[in-house]
Each structure stands twice: as C-alpha cells, then as structure tokens.
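# A structural walkthrough
Listed below, chain by chain, are the residues.
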Amino acid sequence: STADVAPQICIVGSGPAGFYTAQHLLKHHKLTQVDIYEKLPVPFGLVRFGVAPDHPEVKNVINTFTQTAHSDRCSFYGNVTVGKDITVEELRKAYHAVVLSYGAEDNQTLGIPGEDLAGVYTARAFVGWYNGLPENRYLKPDLSSETAVVVGHGNVALDVARILLSPLEILRKTDITEEALIELARSKVKRVCLIGRRGPLQVAFTIKELREMINLPSARPVLDPADFKGIGDALKDVPRPRKRLTELMAKTALEEPAEEVAGRWVSASREWSLKFLRSPLQVLPTADGKQARAIRMAVTRLEGSGDTAKAIPTGEVEELLCGLILSSIGYKSLPIDPSVPFDPKRGVIPNNLGRVLGAPGLYCSGWVKRGPTGVIITTMNDSFDTAQSLLEDLHSGALVLSGAKEGSEMVRSILESRKIQPVSFLDWEKIDAAEVARGKLVGKPREKMVDPHEMLELIGH
Ligand code: FAD
C-alpha cells in the first residue's frame, strides 16, 4: 500500500508562495517531507528584497515562514538555482511532486528609444539595490538630477517615490542598505513626478501607500485640480476601496489643507505629483548622447471607462525635463527550464488550480502561477489552493506515490558532483544573526550583507 509512504515534495523558490505552500502541506498531511530549493543563499524572496524598508510590519510574515522552516519535516536548500544547478526533470525523478514558486525574476520594458540611456533604471533594479539584492548591489543610481520621473501608477512606483523623498533620519532606522543611505544622502532629487497612461480612476496603487505619500514630512503633493473636478459622478458605481482612494486624491487636489498641514507643505523642500493620461514615447539624451535629459510623452485620452479603459494617443506630445527615470510598469516571470510548459504571452505557467497542464506531479504557486500582481495575502491564498490541489491528488490517487523516493539524498549527490554547496536554514540563521548584530551597531534592525561570497564565507563554505 502507498498509504504509509511519506510523500516527498519539492518546492522551488522560498518567497511567500514557497513558504505558504509548504506550510499548508505540512499542516494537512502528517507524513509529507517538504524540501525548499532557493537560488539565493538567503530565504524569503520579495519579503526581503521587494517590500520597502520602511514597511517593517509587512515583513513579520518572516516569523511564520521561520516556524515552517523549523519543522522537522521541512528542509531549506539555499544557493541552488533550479534550471541551472539542477533541472526540473531531475527534481521530478527525486520527488513525488514538484511545486514551482519561483516568482517573477524579470521586468516589463518600456520599449521606447532612449530606454538604455544612463539615468534610466527599472524600479525592479532600484528596489533591488536599496534592499540589498546581490545582483543589483553595484547599481549606484545617479541621483544628481533635481527631477525624477517614475513611470507607473502602482504601489511599487509609490514605494520608489517615497524612498526618494523620505527624510534620511527615517530611512536610517530601517534595514535599507548602507550603500543606499550614502547615495540618498547625496541625492539632489527635489521633485518626483509619477506618470501614468490612464486617469485617476485607473491607478493601481492602494490607499495606504497614497496616504503615506500625502503624509511625507518633507514633501508636498502637487495634484492638478482639473484632474478631479466633477469626478464625484464617476464614483457612484465603483467598488468601495477605489471610491475611498479616489476621494482621498480628489480631497488632496481640491481642498484647502488644515493649517498645520498647509504650513508643512509650504516649507517642504521637496514635492511629488501625479500626471495622468501620459504615455512615454522616448527618453531624450543630453548633447553628448549619453545621459537622459528629458522624457517625451504622448498625451492620451480614455476610451471606455473603469478598469478596462484604454489610453489612446491624442496626437499631442509633451516633454518633461528630467535626468532620472524609473520605469515601474511591472515584473515578469521567465521560463525556468525547457521541460516546463510556459505561456510567454501571459508570463505564467499554464495551470488548473495550480496543477501544471500536461505535467502530472508538477504544480505551481504565487506570481509564476497568477502573474506578478497582488499582495502577500493574495499569494498566501493562491498557495494554499495549490497545496490543496496537491493533497486532493494524493487522496484521489491522481498523484501516485510509486514507492519511496530518494528526495534530497538524490539531489545532494547530484549537487555534490556539480560542486554546488547548498545553504541550510541553520546557515541562514547565522547570516541573519550577523546582519542583526551589524545593524545594532548603527541603530538599524539589520545591516544586510549584499555580497553572496561574504555570506558563504561567514558560514564556512
Ligand atoms: P517571490 O517573493 O519573488 O519569491 C520567489 C523566490 O524564488 C525568490 O526567493 C527567488 O530568489 C526564488 N527563485 C527564482 N528563481 C529561482 C530558481 N531558478 N531556482 C530557485 N529559486 C528561484 N506585498 C505586500 O503584501 N505588502 C507590500 O508592502 C509589498 N511590497 C512589495 C514591493 C515590491 C517592490 C514588490 C515587487 C512586491 C511587493 N509586494 C508586497 C508583493 C509580494 O512581494 C508578492 O505578492 C510575493 O512576494 C510573491 O511571492 P512569490 O513567492 O510568488 O515570489
């Protein structure tokens, strides 16, 4: 009988999707062994490398993930890139089931001339840089321009704008990297203009992030009243969260602020603005052809209304002088391995409730399953769904436990033959302790290590 065979399950990626999938499997099947493989030497994905440093409360999910990792039926193998160090097919031989939760490692591009000029960065790289993502540690963005343009109206766009505009004494108490603090201290950025193709009713950011912008101690909002006049009519039929969000923007644009707020705004040395109905056409270079000097935008109008409204160019064109441009128009998942189906158009692994189509025993969860939108809670729910599908397949016999699988034993010997040395969760806890200790010296929750070699050296690899 297979009833007492312990299912050996492998998870690829240790972000929220990986950890929440593991948590659900371990909780609802008392025999499962779950092994998590992670490309980086450190766990937690975008909770460590995406979530803004001034949002420490969001990172509390790490406590839950750590509990999961401490289960004696769960193991963590960091420093293993699936698709390079080991193939998905090899993992499928070693395990009864494989769950792909490797997130979105790339970003959408603007696809306009001048995008590669110095001074133009993706928000993904900028976020990775201030959060200590190893691959972005040398970015050193040029912050010598007084005007920065952020392309995009989502929460990541607001994160990036807020980091550029926050007083240093606030950021100093966060886990933002030392390198980022040094560059931000030299920053000349005074104005951050966030541009979007569509209108105020189509923004993708949420009210908490907008409120944080409005409450920035040293920057004033500059919203154009014309964008919000008469918007009340359009608000009758929209869902409540969007209604409240739009009302807050409209109030900020149209109403006199309270005296104390007005005083703060008058004396603020920096400002931010939302520019609607503008679609980037080209980044214009400086005379030497090397550096971004301005952005040229098509003025657009909306066709249709609500979430599905389309931005159509009116023919009018506008230019805005700026030496710093951050494009924040979305992350993008990549195929991991030629053996795994991938929908390049939607940028996801085709699946039915987390079951990868045409590949029994293969599952997916998180951003690579749904696409790169949604907060951690959304990712948690979809990961629980995937784990549930897997458990159902075990019960129904659709997922057959054909004898005991070797699991990590087999992978370990493959990795050894390829000279790959995985990082255990205990190793991570040593890195963690070292970061916290360094942070303590400077009054930060941690000082992140940004060089993987340094991490590996610390744990004696
Ligand atoms: P990820 O978190 O990206 O995890 C994927 C993991 O897989 C990574 O650790 C990666 O290194 C690993 N991996 C990739 N390729 C491989 C491979 N080949 N082999 C092995 N491992 C691999 N949500 C909130 O609720 N609140 C916030 O404040 C918030 N802020 C955000 C800020 C930013 C800038 C971004 C981008 C997102 C933010 N989110 C926030 C959303 C949240 O981060 C996501 O919902 C969530 O992280 C998605 O989880 P995931 O596990 O699918 O992907």
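Scoring rules and cut-offs
- Residues numbered from 1 in each chain as written.
- Predicted model: local features only at pLDDT ≥ 70, side-chain atom pairs only at ≥ 80, totals over all residues.
- Helix = DSSP H or I, 4+ residues; strand = E, 2+ residues; numbered from the N terminus.
- Buried ≥ 20, exposed ≤ 12 C-beta atoms within 10 Å, placed from the backbone.
- Contact = placed C-beta atoms within 7 Å.
- Domains from an automatic or database assignment.
- Nonpolar A, V, L, I, M, F, W, Y, C, P; charged D, E, K, R; others polar.
- Axes fitted to C-alpha atoms, helices over the stretch in contact; angles between N-to-C directions.
- Parallel < 35°, antiparallel > 145°, perpendicular 65-115°, else oblique.
- Left-handed = near helix turned anticlockwise from the far one by under 90°.
- Near = placed C-beta within 6 Å.
- Pairing = 2+ DSSP bridges.
- Expected span 1.5 Å × (residues − 1).

For the rest of this paragraph, the subject is the overall build of the protein. Counting its regular elements, the protein contains 16 helices and 18 strands. A burial count over the protein gives 43% of its 461 residues as buried. Residue pairs in contact within the protein that sit at least 24 positions apart in sequence constitute 75% of those at least 6 positions apart.

Domain boundaries in the protein define domain 1 (8-105 + 333-423) and domain 2 (107-330). Computed from C-alpha atoms alone, the centre-to-centre distance between domain 1 and domain 2 is 34 Å. Contacts between the two partners involve eight residues from domain 1 and, on the opposite side, 15 residues from domain 2. When the residues that make up the side of domain 1 that touches domain 2 are grouped by side-chain class, the tally is six nonpolar, one polar and one charged.

Moving on, we come to the packing of helix 6 (residues 155-165) against helix 9 (residues 207-214). Geometry of a packed helix pair, given as the angle between the helix axes and the separation of the axes. Helix 9 packs onto helix 6 with a crossing angle of 20 degrees between their chain directions and a minimal axis gap of 10 Å. In terms of orientation, helix 6 lies roughly parallel with respect to helix 9. Both helix 6 and helix 9 take part in a crossing whose hand is left-handed. Residues Asn155, Leu158, Ala161 and Arg162 of helix 6 pack against Glu209, Leu210, Glu212 and Met213 of helix 9.

By nearness alone, 35 residues border the ligand, and Gly13, Gly15, Gly45, Gly103 and Gly366 come closest of all. Elements that contribute at least two residues to the shell around the ligand include exactly helix 1 (16-28), helix 6 and helix 13 (376-396). A class-by-class count of the residues in the shell around the ligand yields 17 nonpolar, 14 polar and four charged. Each of domain 1 (8-105 + 333-423) and domain 2 (107-330) accounts for three or more of the residues forming the shell around the ligand.

Time to look at the sheet that holds strand 9 (residues 219-222). Read across the sheet, six strands follow the order 6-14-7-8-10-9 without closing on themselves; strand pairing throughout is parallel. This sheet does not close on itself; its edge strands, each paired only once, are strand 6 (120-122) and strand 9. Across the sheet, the mean angle from the axis of one strand to that of its neighbour is 20 degrees, orientation sign disregarded. Two strands pair when backbone bridges link them, and strand 8 (residues 191-195) and strand 10 (residues 270-275) are joined in this way by five bridges, in the parallel orientation. Directly across from Leu194, in strand 10, lies its bridge partner Leu274. Strands in contact with helix 5 (residues 123-130) are strand 6 and strand 14 (324-327); relative to strand 6, the strand with the most contacts, it is inclined by about 75 degrees.

When the terminal C-alpha atoms of helix 1 are compared, their 18 Å separation across 13 residues agrees well with the 18 Å that a helix rising 1.5 Å per residue should span. Counting buried positions along helix 1 gives 11 out of 13 residues, so the element sits mostly inside the fold. Those residues of helix 1 that sit buried are Pro16, Ala17, Gly18, Phe19, Tyr20, Thr21, Ala22, Gln23, His24, Leu25 and Leu26.

Of the two faces of strand 14, the one holding Leu324 and Leu326 and the one holding Ile325 and Ser327 are both buried throughout. Bridging between strand 7 (residues 147-151) and strand 14 involves four bridges; their strand directions are parallel. Note on strand 14: the bridge partner recorded for Val150 is Leu326.

Another point: unusual backbone geometry. At Asn79, a residue that is not glycine, the phi angle is positive and equals roughly 70 degrees. Here Asn79 lies in the loop between strand 3 (74-77) and helix 4 (88-94).

Turning next to the sheet that holds strand 12 (residues 292-303). Read across the open sheet, the three strands follow the order 11-12-13; overall the sheet is antiparallel. The open sheet has two edge strands with one neighbour each: strand 11 (278-285) and strand 13 (310-321). Across this sheet, the average inter-strand angle for adjacent strands is 20 degrees, counted without regard to direction. As paired strands, strand 11 and strand 12 are joined by seven bridges and run antiparallel to one another.

Side chains on a regular strand alternate between the two faces of the sheet. Most of strand 7 is tucked away, with four of its five residues classed as buried. Note that strand 7 and strand 8 share five bridges and pair parallel. When the sheet's bridge partners are listed, Val151 is paired in strand 8 with Ile195.

With respect to the secondary-structure elements, Ala118 resides in the loop between strand 5 (106-107) and strand 6. Here Ala118 falls in the partly exposed class, since 13 other C-beta atoms lie within 10 Å of it. Taking C-alpha positions, Ala118 is 33 Å from Val80, a pair spaced 38 residues apart along the chain. Beyond its immediate chain neighbours, meaning those up to four positions away, Ala118 contacts Asp142, Lys290, Gln291 and Ala292.

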